[in-house]
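# Structural overview for review
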Amino acid sequence: DGIEDSKAADDAPLWRRVVDAVPKRLSTLTLTEQRDRMALWQRGIHALPENVDVGTYARHARLLPILRHRGGADCSEQGCDVGKVDYGALTRKLGPDFAEALRENEREHLKDCAKSCEKFYCGAAPSKPWQTRSISMGSVPPEDFAQEFAFPLDLIKVTQEPIVSKEEAARAIALAREENVDINEYTSGKYKLGGDWLAKMDKTRNWFNTQLEENIFPAIAASFPEVVTNVSTLRAHSVAMLKYNATHPRTDVHIDNGVLALTLALSPQTDYEGGGTFFEHLGEDALVEMDAGHATWRPGSVRHGGHRVSSGQRYIIGAFLLLEDRVEHVRRLKNRGAKLRQKGDLNGAIRHFEWALAINGKCATCLKDLSELRSSLADMEPQQRNEHLKEAEAFIRRSLDLLPSDSDALFNLGLVLSKKGDSKGALEAYEASAAVNADDVELLYNLAMKYEEANRKEEGIQAYRKALKAQPSFGKARCNLGAALAESGDLDGALVEFLEAVRYDPSSPTPWQNLAVLYHKQGVSTVQGLAQCASKEAAVEISRTASHALGEADNAWRKVMDLVDDQRTKQETVTRLAQVLQLRGRAVAIEDPAAALPHFLEATQLLPTEPSAWEALAKVYHIVGDEVNSKKAGARLGVLRSLAPQR
Ligand SMILES: O=C(O)CCC(=O)C(=O)O
Ligand SMILES: [Fe+2]
């Protein structure tokens, strides 16, 4: 193209010197080379061995994880031959129940597809490519049609240009708000979001259907020619508009319930802080940038989530997709297994998960489900506990072998190891899970308890604090934090936590119990100080402090009494309250003995058969000069003593 040899460049024109100043490599990389470099970079390979061709090395690097996991499958630079699923052979091996389960899948599939067309666009638009970039989904193929999706698995598509204009995106939000999207709540695992189903919002759905027809379905069909035979086979189901804000900040890390899934960003990025789509295998903080109108589509089985929004509002539409001419046997078997499990049919559930795994040996969620079930069975069948736990651990380790960064699998490994009594292993698994998914509150709670068990108190306290930062209303974490602080001698810190705990959860007895114990303790140690008092003034000062703490303890024990049901706890609470009343009486008596009487009196009412309560009452009557009542109390004491078994 007329560029000369650089030897003659000294008196070269300015443009020429600029061309020479730019490093050749940047300007000469082809699109394929850039993609190869990107693929290497995504796999964390930032430096190449000397004298290698980037393309060859990139393909090799892409295959490394596959080669690792396929254990002798026929992999070459062209990819891996996963082999077609031979349903005939599987049916001969697994029997007629399996065949019937497959037929049930087909019936379900037909029904779902038909239902989708009642609400969402179904039609034969021509496919139309859209400029997207591709992100690797890692080394594990999609759970269904693993053999159709070609290697390497660069199957997460992100638009380079908005697929919906930002004006249209804003219009969708406005329509949905007219249709009350803001007043509904939507559950994602252990989190809540705002949002609602498009099936219920006619105007918003019409808008979405136009987008499906004109751009989205044609683009998705063009992205996945290996599975989408034709635009007319695409079906949308479970379509929702979701709304994130500071109180409804994030989703669980999860997989979507469809062979393909779509996330369409509607809010401009300037509307919110934090937030965004992430894919777990890339790291929770590696957000996929998507401004209003941008979208990602990908296999549904990729683990992903919506990142925590710290302020503002973020609206998206999420849609799960089916293919009319392909039945997802793995996904459907897993879903039915989950239903059977909910109904308590654990063995039926196990059979379904095993069938799904027989169809796709790399089904990570099948392995996780099987592990969870074995772990439940370990609790239900104590005779086979060890055997079940051994299997549970084996399954979860196989799943982690496929997806080492699966925070749920790491969490489950922690649970299994904890059940096996391996606290150290459990702690390590929880730590690994926290390294991936740092603000999962249940995880942090379990991690904190393991730190405490390991006598790593300070780390335990930190983990409780993190859990509470993510979810301030998490009562059990708050109580444990208070207890840990109290144990470490920080009674003021403990008090703060217990007060918060009863504020968040005033109708649960446990936080009141903690609060009562703490005030009770404070009262006891203050009252002990009275013995050393030289002057009346000092004693009055101390007695007031003690009375205050004991008054709070009194109040808290009464709350506990109202809130607990079982008789034993009630009786224990009554005893504790009577102790507090007597202590309160002792403290109050320093200033005003007569004012102390009602406390001692109530103690005898609470514990009418307890001699020591009557003994104290008799003494106090005597001190205030009421000999009549002192005698009566004394008489009662005498009767109780005579009834008591002689020791
Ligand atoms: O908010 C996001 O980016 C993710 C939402 C999501 O999980 C989905 O659309 O399925
Ligand atoms: Fe999702």
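Quantities reported herein were computed from a predicted structural model and do not represent experimental measurements.

Turning to the confidence of the model for the chain, a few remarks are in order. Here the chain averages 89 in pLDDT, and 87% of its residues register 70 or above. This stretch, residues 1–9, has a pLDDT under 50; its non-local contacts, to residues over four places away or in other chains, come to five contacts. This stretch, residues 66–81, has a pLDDT under 50; its non-local contacts, to residues over four places away or in other chains, come to 28 contacts.

With that out of the way, let us pick up the coordination of the iron ion (ligand 2). Coordination of the iron ion (ligand 2) by the protein is provided by His 254 (NE2), Asp 256 (OD) and His 304 (NE2), with metal-donor distances spanning 2.1 to 2.2 Å. We note that the donor set of the iron ion (ligand 2) lies within a single chain, spaced as H-x1-D-x47-H. A residue pair is termed long-range when its members are at least 10 positions apart, and Asp 256 in the loop between β7 (234–244) and β8 (260–265) and His 304 in strand β13 (residues 304–306) qualify at 48 residues. Here His 304 falls in the buried class, since its relative accessible area comes to 4%.

This part takes up empty space enclosed by the protein. Enumeration according to the criterion identifies one cavity of 30 Å³ or more in this entry. By volume, the largest cavity is sized at about 190 Å³. Grouping the constituent residues of the lining of the largest cavity by class yields seven nonpolar, four polar and six charged.

Its 17 residues give helix α11 (residues 364–380) an end-to-end C-alpha distance of 25 Å, which sits within 8% of 24 Å, the value for a rise of 1.5 Å per residue. Burial within α11 is extensive, with 13 of its 17 residues counted as buried.

Moving on, we come to the packing of aromatic side chains. Evaluation of the coordinates by the stated rule reveals eight aromatic pairs. Relative to Trp 355, the ring of Phe 98 has its centre 5.9 Å away and its plane inclined at 65°; by these criteria the two rings are edge-to-face. Taken together, the residues Phe 98 in helix α6 (residues 96–119) and Trp 355 in helix α10 (residues 346–359) connect sequence positions 257 residues apart. Taking the relative accessible area as the measure of exposure, Phe 98 reaches 0% and is therefore buried. Its relative accessible area of 6% is what places Trp 355 among the buried residues. One aromatic cluster in this structure is built from Tyr 445, Tyr 464 and Phe 474. Directly above the ring of Tyr 244 sits Arg 314, whose terminal nitrogen or CZ lies 4.9 Å from the centroid. Here the guanidinium or amino end of Arg 503 rests over the ring plane of Tyr 504, the centre of that ring lying 5.1 Å away.

Tallied over the full model, the rule gives 42 salt bridges. One salt bridge in this structure joins Glu 108 and Arg 332, with 3.2 Å as the shortest N-O distance. Taken as a pair, Glu 108 in helix α6 and Arg 332 in helix α9 (residues 329–342) lie far apart in primary sequence, 224 residues in all. Between Arg 336 and Glu 108 there is a salt bridge, with its nearest N and O atoms 3.3 Å apart. In this pair, Arg 336 is assigned in helix α9 and Glu 108 in helix α6, connecting sequence segments 228 residues apart. Connected through salt bridges with shared partners, the residues Glu 280, Arg 303, Lys 368, Asp 406 and Asp 408 form a single ionic network.

What the eight strands build is an open sheet, ordered β3-β4-β12-β8-β15-β7-β6-β5; its pairing is antiparallel. Each end of this open sheet is capped by a strand with a single partner; those strands are β3 (132–135) and β5 (185–188). Strand-to-strand twist of the sheet, defined as the mean angle between neighbouring strand axes without regard to direction, takes the value 30°.

For the rest of this paragraph, the subject is unusual backbone geometry. Although it is not a glycine, Phe 145 adopts a positive phi angle of roughly 60°. Residue classification places Phe 145 among the buried positions, given a relative accessible area of 11%.

Turning our attention to the environment of His 307. Among the secondary structure elements, His 307 is positioned in the loop between β13 and β14 (309–312). When its relative accessible area of 17% is taken as the criterion, His 307 is described as buried. Taking C-alpha positions, His 307 is 9.8 Å from Phe 279, a pair spaced 28 residues apart along the chain. For His 307, the contacting residues outside a window of four places in its chain are Tyr 244, Pro 249, Arg 250, Gly 275, Gly 276, Phe 278, Glu 284, Asp 285 and Leu 287.

To continue, consider the pairing of strand β4 (residues 156–159). Across the two faces of β4 the burial is the same, with Ile 156 and Val 158 and Lys 157 and Thr 159 all buried. In this sheet, β4 lies alongside β3 in antiparallel orientation, the contact comprising four bridges. Residue pairing for β4: Ile 135 is matched across the bridge by Ile 156. Relative to strand β12 (residues 295–299), β4 is paired through two bridges, and the arrangement is antiparallel. From the neighbouring strand, Val 158 faces β12, where its bridge partner is Thr 296.

Thresholds, definitions, all that
- Residues numbered from 1 in each chain as written.
- Chains lettered and ligands numbered in written order.
- Predicted model: local features only at pLDDT ≥ 70, side-chain atom pairs only at ≥ 80, totals over all residues.
- Heavy atoms only, no water.
- pLDDT = per-residue confidence, 0-100.
- Contact = heavy atoms within 4.5 Å.
- Donors = N, O, S within 2.8 Å, 3.2 Å for Na, K, Ca; no water.
- Helix = DSSP H or I, 4+ residues; strand = E, 2+ residues; numbered from the N terminus.
- Buried < 20%, exposed > 50% of the residue type's maximum accessible area, 1.4 Å probe, protein only.
- 1 Å grid on protein atoms, 1.4 Å probe; cavity = no way out; pocket = protein on both sides within 12 Å on 5 of 7 lines; lining within 4 Å.
- Points joined across faces, edges and corners; volume = space filled by probe spheres on them.
- Nonpolar A, V, L, I, M, F, W, Y, C, P; charged D, E, K, R; others polar.
- Expected span 1.5 Å × (residues − 1).
- Phe/Tyr/Trp six-rings, centres within 6.5 Å; stacked < 30°, edge-to-face > 60°.
- Lys NZ or Arg CZ within 6 Å of the ring centre and 35° of its normal.
- Salt bridge = Lys/Arg side-chain N within 4 Å of Asp/Glu carboxyl O.
- Pairing = 2+ DSSP bridges.
- Axes fitted to C-alpha atoms, helices over the stretch in contact; angles between N-to-C directions.

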